[in-house]
Amino acid sequence: MRRSVALGCGAYLPERRMTNDDIARIVDTDDQWIVERTGIRERRIAAVGERTSDLATRAAEAALAAAGIGASDLDLIVLATATPDDTFPATATKVQAALGMRRGAAFDVQAVCSGFVYALAVADSMLRCGQAATALVIGAETFSRILDWTDRSTCVLFGDGAGALVLGVGEGQGDKRDRGVLSSHLHSDGRYHDLLYVDGGPSSGAAVGHLRMAGRDVFKHAVTNLSAVVEEALTANGLVLDEVDWLVPHQANRRILDSTARKIGIPAEKVIVTVDRHANTSAASIPLALAAGVADGRIQRGHLLLLEAMGGGFTWGANLLRW
Ligand code: ACO
């Protein structure tokens, strides 16, 4: 059975660190409130003129180096972002040009914080049905650009960054022992649009506005939906939670991570956490966490990874990936 196998991953974070104390100089908040409610201690902020495509290109270069292949070997880029450089063309095409990739296809996927889970599902489908043989899946965001820096209930939560994963094609037996993407499970429910959105945009006739969120409602839905999709992914593969080596979740905030881990029953030591250093980087958070787990040696070849995310839409989903 044809499988999409991970060849390497990489990450990029902008240089500028913004601590909670730095934010407390802008809005009425403090380090203790932010740490207690979210677990976030600092986030990175893109420099003036540094765009989502710049972050994505740096992460992609790191992932290609880890995979030991060049951009000319790629025939697909799927880039997840809710903060594209421009309305069009896709940010993925800018990354394609910057990498020097002259063939294949590049496009964006928009599922906000679930973006990487969606992008991985799309790339995996295309690889498995033979439309591509080598793919780059990227999550990249500059959320600092769409935050309302006068709203303390949202501006403390997010950061900028990018992560990337290179996929190739391998052969498996078609069961849970295979290396590669075992399955993806995607969901959305558009009735919840108003609980998390950015106002404005091309067809509304208003310039791109700011992120708006009903935090408590998002929290409740997140824990419920994430636990359900984790269960769905395990059941679909005849797996039990004990067989999962690492949960690599979207890093929304520490309390969502802890509540979800408790609800599904996975020990905290098996959860890769970067939210303290990166805050919520939306579609970039899973590949950033993945790259952190690989770089420090926790994630090893053959380990079973469970990726899960939820975001605006609402959208949510999970991928099971044997590294
Ligand atoms: N500093 C100090 N006080 C604050 C801050 C702040 N940064 N933000 C809000 N407050 C105040 C509020 O004004 C309110 O004060 P009041 O009681 O005097 O009115 C008080 O703190 C409580 O506000 P709540 O919004 O009820 O606080 P809550 O305990 O719900 O925590 C939070 C807010 C952290 C946003 C929480 O709801 C949450 O984690 N929600 C999940 C949302 C999320 O992470 N979204 C990310 C995108 S979606 C995703 O990725 C899954």
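Residues numbered from 1 in each chain as written. Predicted model: local features only at pLDDT ≥ 70, side-chain atom pairs only at ≥ 80, totals over all residues. Heavy atoms only, no water.

(A) Region of the structure containing the sheet that holds strand β11 (residues 246–249). Sheet architecture is open: four strands sit in the order β8-β13-β12-β11, paired in mixed fashion. Pairing within the sheet leaves two strands with one partner each, and these edge strands are β8 (180–188) and β11. With direction set aside, neighbouring strand axes in the sheet form an average angle of 15 degrees. In terms of strand pairing, β8 meets strand β13 (residues 315–322) through eight bridges, oriented antiparallel. Along β13, the bridge assignment pairs Leu186 with Gly317. Across the face of the sheet, helix α7 (residues 215–236) comes into contact with β8, β12 (304–311) and β13 while running at roughly 145 degrees to β12. Across the sheet, helix α10 (residues 285–295) touches β11 and β12, and the angle it forms with β11 is around 145 degrees. (Pairing = 2+ DSSP bridges. Helix = DSSP H or I, 4+ residues; strand = E, 2+ residues; numbered from the N terminus. Axes fitted to C-alpha atoms, helices over the stretch in contact; angles between N-to-C directions. Contact = heavy atoms within 4.5 Å.)

(B) Geometry of the environment of Ala60. Residue position: Ala60 is located in helix α3 (residues 52–67). Judged by its relative accessible area of 0%, Ala60 falls in the buried class. Separated by 19 residues in the primary sequence, Ala60 and Arg41 place their C-alpha atoms 26 Å from one another. Sequence-distant contacts of Ala60, that is, excluding residues within four places in its chain, are made with Leu99, Leu136, Ile138 and Ala164. (Buried < 20%, exposed > 50% of the residue type's maximum accessible area, 1.4 Å probe, protein only.)

(C) Inspection of the packing of α3 against helix α4 (residues 91–99) at higher detail. The N-to-C vectors of α3 and α4 enclose an angle of 55 degrees; their axes lie 9 Å apart at closest approach. With respect to α4, the element α3 is oriented oblique. Considering the relative orientation of α3 and α4, their crossing is right-handed. Of the residues in α4, those touching α3 at Thr52, Ser53, Ala56, Thr57, Ala60, Glu61 and Leu64 are Thr91, Lys94, Val95, Ala98 and Leu99. Per-class residue counts for the contact of α3 with α4 are six nonpolar, four polar and two charged. (Parallel < 35°, antiparallel > 145°, perpendicular 65-115°, else oblique. Left-handed = near helix turned anticlockwise from the far one by under 90°. Nonpolar A, V, L, I, M, F, W, Y, C, P; charged D, E, K, R; others polar.)

(D) Here's a closer look at the nonpolar core. Core analysis: the biggest nonpolar cluster contains 48 residues, and Ile266 and Leu306 have the highest contact counts within it. Elements with a minimum of two residues in this core: α7, α8 (254–264), β12 and β13. Here the element with the most residues in this core is α7; it accounts for seven residues. When residues of this core are assigned to domains, at least three fall in each of domain 1 (2–171) and domain 2 (180–322). Discounting chain neighbours no more than four positions away, the residues touching Leu306 are Val230, Ala233, Leu234, Val244, Trp246, Leu247, Val248, Ala318, Asn319 and Leu320. (Core = buried A, V, L, I, M, F, W, Y, C linked by side-chain atoms within 4.5 Å. Domains from an automatic or database assignment.)

(E) Spotlight on the sheet that holds strand β4 (residues 76–80). An order of β1-β7-β6-β4-β5 is seen for the five strands of this open sheet, with the pairing classed as mixed. Both outer strands of the open sheet, β1 (2–12) and β5 (105–109), are each paired with one neighbouring strand and no more. For this sheet, the mean inter-axis angle between neighbouring strands, taken without regard to orientation, is 20 degrees. Sheet topology note: the β4/strand β6 (residues 135–142) ladder contains five bridges and is parallel. Residue pairing for β6: Leu76 is matched across the bridge by Ala135.

(F) View of the domain arrangement of the chain. Each assigned domain of the chain is listed with its residue range as follows: domain 1 (2–171) and domain 2 (180–322). Just the C-alpha atoms count here: the centres of domain 1 and domain 2 sit 14 Å apart. With 48 residues of domain 1 at the contact, the number on the domain 2 side is 46 residues. Viewed at the interface, domain 2 and domain 1 are joined by one salt bridge. A salt bridge links Asp148 to Arg212, with the shortest nitrogen-to-oxygen separation between them at 3.0 Å. Taken together, the elements giving at least two residues each to the side of domain 1 that touches domain 2 come down to β1, α2 (31–38), β3 (42–45), α5 (115–128), β6, α6 (152–155) and β7 (160–171). The class makeup of the residues in the side of domain 1 that touches domain 2 is 24 nonpolar, 13 polar and eleven charged. (Salt bridge = Lys/Arg side-chain N within 4 Å of Asp/Glu carboxyl O.)

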